[in-house]
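What follows is each chain in one-letter form.
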Amino acid sequence: MEISSVSRGVGPDPLRQAATRLETGFLSEMLKAAGLGETPGAFGGGAGEEQFASLLRHEHAKALAAQGGIGLAESIYNTLKEQNDV
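All residue numbers here refer to positions counted from 1 along the written sequence of the relevant chain. Per-residue local features of the predicted model are confined to residues with pLDDT of at least 70, and side-chain atom pairs are confined, for both listing and counting, to 80 or more; whole-chain, interface and lining totals are unaffected and use all residues. Just so you know, side-chain values use all the structure's heavy atoms and leave hydrogens and water out.

What follows deals with the overall build of the protein. Along the backbone of the protein there are 3 helices and 0 strands. Elements are defined by DSSP. Helices are runs of H or I of four residues or more, strands are runs of E of two residues or more, and each kind is numbered from the N terminus. Seen in sequence order, the protein has helices and strands lined up from the N terminus as α-α-α. Between buried and exposed lies partly exposed: a residue is buried under 20% and exposed over 50% of the maximum accessible area for its type, with that area taken using a 1.4 Å probe on protein chains only. Considering the protein as a whole, with its 86 residues, one finds that 14% of them fall into the buried category. Residue contacts are counted whenever heavy atoms from the two residues lie within 4.5 Å of one another. Taking the contacts inside the protein whose residues are at least 6 apart along the sequence as the reference set, 85% of them involve residues at least 24 apart. For the protein, the exposed surface amounts to about 6,400 Å²; the carbon and sulfur share of it is 59%. Method for areas: the Shrake-Rupley scheme with a 1.4 Å probe, in which residue coverage is limited to the protein chains shown.

Okay, the packing of aromatic side chains next. To pair, rings of Phe, Tyr and Trp, with the six-membered ring standing in for Trp, must have centres within 6.5 Å; the planes then decide the type, stacked if under 30 degrees apart, edge-to-face if over 60, and tilted in the middle. Considering all chains together, one arrives at 0 aromatic pairs under this definition. The cationic tip of Arg-16 hangs over the ring face of Tyr-77; the distance from NZ or CZ to the ring centre is 3.8 Å. By the criterion adopted, a ring carries a charge over it if an Arg CZ or a Lys NZ lies within 6 Å of its centre and within 35 degrees of its normal.

Along the polypeptide, Glu-23 turns up in helix α1 (residues 14–33). One buried charged residue, Glu-23, forms no salt bridge at all, with the nearest opposite charge on Arg-16 at 8.7 Å. Those residues within four positions of Glu-23 in sequence are excluded, and the remaining contacts are Ala-65, Gly-68, Gly-69, Ile-70, Gly-71, Leu-72 and Ala-73. Residues counted as positive are Lys and Arg, residues counted as negative are Asp and Glu, and His and the chain ends are not counted. For this document, the term salt bridge refers to a Lys or Arg side-chain nitrogen within 4 Å of an Asp or Glu carboxyl oxygen.

As structure tokens, then:
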């Protein structure tokens, strides 16, 4: 039986992944507040377009967070790491 790479300490860090997911959610909400994906005028695509706009915002936020984002994930990670080490 092979031991998984995560249990050996090799591979993605669960704390870093959680911190990145939190930053992604924050950035997605900020992009929504900034109006990314809103349709101009009265000829929008309705509820379907609104749903796909939220998916697009989430993907933009994921890409931003993966490239370093605004530093929120790193700050969250360092705090979680300190609390976990105590």
